[in-house]
Amino acid sequence: SELNVLNLAVTPPFTIEDNSDGGDDIRMKFRYLDLRRNCVRKNLELRHRMTMEVRRYLDSKGFLEVETPMLVGSTPEGARDFVVPSRMNPGQFYALPQSQQFKQILMASGFDRYFQIVKCFRDEDLRADRQPEFTQIDCEMSFVEQEDIISTFEGMAKHLFKELRGVELSEPFLRMTWADAMKYYG
């Protein structure tokens, strides 16, 4: 006998299914709807599980997770800095640090194996393979040989495939010499 409309629901701008009819621009404009799609959720869950497994693996190899500061005074080396204006000190700027500063301090302090899963920012020309921000696994090891580094990270890749995809990789990874990499790929 009676109908009360509490709120109108407009038709979503694209279908909320794995094979959506929304282009990238529309899906990004309505990101809160895009995040409801199963394929997007699965990607976020995979990233979470991968991050947890990276931490577990590196911890088992004696690495310590260290978080370094994001804002420091600017220094001249490395990639071009993003600068952040200081409200407290007008005309002054913070720079996103070159992590080399902190690597040197940590190594000199006796932290010979550490890592961080860290946001990186680069103020450089954009290309298809380059973004202004990305996340990387940054690892440092002291007193090691080339083989130590290769075997540690080959082991991590094998661990991730096994834990996240159920794929057991037993064979050693194929390796390319530096000379061949330069010869064939420049």
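Going by the structure above, here's the rest.
A brief look at the structure comes next. (Residues numbered from 1 in each chain as written. Predicted model: local features only at pLDDT ≥ 70, side-chain atom pairs only at ≥ 80, totals over all residues. Heavy atoms only, no water.)

### Regarding the packing of aromatic side chains
- Applying the stated criterion to the full structure yields one aromatic pair.
- Taken together, a centroid distance of 6.4 Å and an interplanar angle of 65° make the contact between Phe30 and Tyr32 edge-to-face.
- Overall, Tyr32 belongs to the exposed group, its relative accessible area being 53%. (Phe/Tyr/Trp six-rings, centres within 6.5 Å; stacked < 30°, edge-to-face > 60°. Buried < 20%, exposed > 50% of the residue type's maximum accessible area, 1.4 Å probe, protein only.)

### So, the pattern of salt bridges
- Enumeration over the complete set of coordinates arrives at 14 salt bridges.
- We note a salt bridge from Asp24 to Arg27, for which the minimum N-O separation is 2.5 Å. Of the two residues, Asp24 and Arg27 both sit in helix α1 (residues 24-29), three residues apart, roughly one turn of that helix.
- The class of Asp24 is exposed, set by a relative accessible area of 53%.
- By relative accessible area, Arg27 is classed as buried at 13%.
- Three or more residues joined by partner-sharing salt bridges are found here, namely Asp24, Arg27, Arg31, Asp34 and Arg37. (Salt bridge = Lys/Arg side-chain N within 4 Å of Asp/Glu carboxyl O. Helix = DSSP H or I, 4+ residues; strand = E, 2+ residues; numbered from the N terminus.)

### Observations concerning the pairing of strand β4 (residues 113-121)
- When strand β1 (residues 64-65) meets β4, the two strands line up parallel, connected through two bridges. Its bridge partner being in β4, Leu64 is matched across the sheet by Tyr114.
- The sheet contact formed by β4 and strand β5 (residues 133-141) spans nine bridges and is antiparallel. Its bridge partner lying in β5, Phe121 is registered against Glu133. (Pairing = 2+ DSSP bridges.)

### Describing the nonpolar core
- Counting 10 residues, the largest nonpolar core consists of Val54, Tyr57, Leu58, Phe63, Phe115, Cys139, Met141, Met156, Leu160 and Leu164.
- Broken down by secondary-structure element, the contributors of at least two residues to this core are α3 (38-60), β5 and α5 (146-165).
- The residues contacting Cys139, other than those within four sequence positions of it, are Leu58, Phe63, Tyr114, Phe115 and Phe153. (Core = buried A, V, L, I, M, F, W, Y, C linked by side-chain atoms within 4.5 Å. Contact = heavy atoms within 4.5 Å.)

### Notes on helix α6 (residues 178-185)
- Burial analysis of α6 places just zero of its eight residues in the buried class, a small minority of the element.
- Just past α6, the residue Gly186 takes up positive phi, approximately 70°.

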